[in-house]
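Spelled out from the first residue to the last, the chains are:
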Amino acid sequence: MSGRGRPRLFDKEAALRTAMVLFWEHGYEGTSLSMLTSAMGITSTSLYAAFGSKERLFREAVELYNSVDNSPTDAALQEATARRAVEAMLRKNADAYVDPDTPQGCMVVLAGLNLTADNEHIGRYLAECRRRDYAKLVERVERGAAEGDLPRGVDPSALASYSLTVLQGLSIQARDGCSRAQAHAVIDGAMLGWDELVRRAESGVQGSTDAGAARI
């Protein structure tokens, strides 16, 4: 039966999930090819045949991590008001970050730290992933202002940047071993900060910096 090729002797989806956990726990550079093949139960030849390269495998793992079925963010942003949406995003992600059944923290925040020059493009890719979340938050704040649950004078960039700064900080705290209660206490304080930013927008008070220049 020539031309049909040899069928794969492994479950590609299960192998991808295994790779995701490794990259999540050890980062891109900290995850070696031998670690991947050993955990996935395949040879390097099979890995390259299925995924093309370590980088392509990593990108597929990140997309899996960010998929609707795995990420709490998209569902949270459907809450009825912008405030409830942001709070749900923070709390649901915090719960995921400290889940004892998975690596601690956020893969997209932690997998690309301290990259060498040869892998700077991986850092840029992860930064682009984070910018997608920023864009989603800006859109949700704009929707809140349009629907009347936020004042018209609110700065979507400032609120989105603030929310993501808290979210990414929680990822570091989780990796350092904070508890669920500690993470939620941080979120309690963060939402007081959110309310103050909204109050200032409602009263026309401007911040001390150009929030529109904030970068993620």
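Remember, predicted model here, so these are calculated numbers, not experimental data.

Cut-offs applied
- Just so you know, the residues in each chain are numbered from 1, in the order the chain's sequence is written.
- Given that the model is predicted, a residue must reach a pLDDT of at least 70 before its local features are reported, and side-chain atom pairs must reach 80 or more before they are shown or counted; all residues, however, enter totals for whole chains, interfaces and linings.
- Hydrogens are left out, water is left out, and the side-chain values use all remaining heavy atoms of the structure.
- Any pair of Phe, Tyr and Trp rings, taking the six-membered ring for Trp, is counted once the centres come within 6.5 Å. Such a pair is stacked with planes under 30 degrees apart, edge-to-face with planes over 60 apart, and tilted for the rest.
- We call a residue buried when its accessible area falls under 20% of the maximum for its residue type, exposed when it is over 50%, and partly exposed in between, using a 1.4 Å probe and counting protein chains only.
- Strands here mean DSSP runs of E at least two residues long; helices mean DSSP runs of H or I at least four residues long; both are numbered from the N terminus.
- In this analysis the charged atom, NZ for Lys or CZ for Arg, is taken to sit over a ring once it is within 6 Å of the ring centre and within 35 degrees of the ring normal.
- What is meant by a nonpolar core is a set of buried Ala, Val, Leu, Ile, Met, Phe, Trp, Tyr and Cys residues, joined one to another through side-chain atoms within 4.5 Å.
- Here a residue-residue contact requires only that any non-hydrogen atoms of the pair lie within 4.5 Å.
- UniProt positions are given in the numbering used here, feature names are shortened, and annotations may be inferred rather than shown by experiment.
- The predictor rates its confidence in each residue with pLDDT, a number between 0 and 100.
- Whenever two N or O atoms come within 3.5 Å, that pair is a polar contact, provided that in protein one can donate a hydrogen and the other can accept it, and provided that, for residues adjacent in sequence, both atoms are side-chain atoms.
- A helix is expected to span 1.5 Å multiplied by its residue count minus one.
- The salt bridge definition used is simple: a Lys or Arg side-chain nitrogen within 4 Å of an Asp or Glu carboxyl oxygen.
- Only the stretch in contact is used when a helix axis is fitted, and all axes are lines through C-alpha atoms; the angle between N-to-C directions ranges over 0 to 180 degrees.
- For classification purposes, an angle smaller than 35 degrees is called roughly parallel, one larger than 145 roughly antiparallel, one from 65 to 115 roughly perpendicular, and anything else oblique.
- Handedness of a helix crossing follows the sense of rotation of the near helix relative to the far helix, less than a right angle counterclockwise being left-handed and clockwise being right-handed.

Taken as a whole and judged by the stated rule, the model has five aromatic pairs. Taken together, a centroid distance of 6.1 Å and an interplanar angle of 15° make the contact between Phe 23 and Tyr 28 stacked. For the pair formed by Phe 23 and Tyr 28, the shared burial category is buried. Relative to Phe 58, the ring of Tyr 28 lies with its centre 5.0 Å away and its plane at 70°, an arrangement referred to as edge-to-face. Placement of Tyr 28 in the loop between α1 (12-26) and α2 (33-40) and of Phe 58 in helix α4 (residues 54-65) is noted, with a sequence separation of 30 residues between them. Tyr 28 sits in the buried class, given a relative accessible area of 6%. Among the aromatic residues, those joined into a cluster by ring pairs are Phe 23, Tyr 28, Phe 58 and Tyr 125. Residue placement shows Lys 54 over the ring face of Tyr 28; its charged tip is 4.5 Å from the ring centre. Cation over ring: Arg 59 sits above Tyr 125, and NZ or CZ is 4.3 Å from the ring centre.

Ranked by internal contacts, the top residues of the largest apolar core, which has 65 residues, are Phe 58 and Met 107. Top contributing element to this core by residue count: helix α8 (residues 120-147), with nine residues. Ignoring anything within four residues of it in the chain, the contact list for Phe 58 reads Phe 23, Tyr 28, Met 107, Ala 111, Ile 122, Tyr 125 and Leu 126.

Time to look at the UniProt feature "DNA-binding region" (unreviewed entry) in the chain. Annotation from UniProt places "DNA-binding region" (unreviewed entry) at residues 32-51. End C-alpha atoms of residues 32-51 are separated by 15 Å, and the span's content is 80% helix alongside 0% strand.

Moving on: the confidence of the model for the chain. Counting all residues, the mean pLDDT for the chain is 90, and 90% of those residues have values of 70 or more. In the model of the chain, helix α5 (residues 73-76) stands out as the element of lowest mean pLDDT, 92, in contrast to helix α6 (residues 82-97), which has the highest, 98. In this model, residues 208-216 is a region of pLDDT below 50 whose contacts with residues beyond four sequence positions or in other chains number 13 contacts.

On to the side chain of Ser 71. By the element assignment, Ser 71 lies in the loop between α4 and α5. Among the polar contacts listed, one links the side chain of Ser 71 to the backbone nitrogen of Thr 73, at a separation of 3.3 Å. What Ser 71 contacts, discounting residues up to four positions off in sequence, is Tyr 65 and Asn 66.

A few words now on helix α10 (residues 180-203). Compared with the 34 Å implied by 1.5 Å per residue over 24 residues, the 35 Å span of α10 between its first and last C-alpha is a close match. For α10, the elements touching its buried residues are α6, α8 and α9 (156-175). Among the residues trailing α10, Gly 204 stands out with phi positive, at a value near 80°.

With that settled, consider the pattern of salt bridges. In the structure shown here, the tally under the stated rule is 13 salt bridges. A salt bridge links Arg 200 to Glu 196, with the nearest nitrogen and oxygen atoms 3.1 Å apart. One end of the pair is Arg 200 and the other is Glu 196, both in helix α10 and four residues apart, which spans about a single turn. The structure contains a network of salt bridges with shared partners spanning Arg 83, Glu 87, Arg 91, Asp 188 and Asp 195.

For the pair α8 and α9, interaxial distance at closest approach is 8 Å and the crossing angle is 130°. The orientation of α8 relative to α9 falls into the category oblique. Where α8 crosses over α9, the two elements pack in a sense that is right-handed. Residue-level contacts link Arg 130, Asp 133, Tyr 134, Leu 137, Val 138, Val 141 and Glu 142 of α8 to Pro 156, Ser 157, Leu 159, Ala 160, Ser 161, Ser 163, Leu 164 and Gln 168 of α9.

What follows concerns the environment of Ile 42. Within the fold, Ile 42 resides in the loop between α2 and α3 (44-51). Note on Ile 42: relative accessible area 10%, which makes it buried. For the pair Ile 42 and Ala 15, spaced 27 residues apart in sequence, the C-alpha to C-alpha distance is 8.7 Å. Sequence-distant contacts of Ile 42, defined by excluding residues within four places in its chain, comprise Phe 10, Thr 37 and Leu 47.

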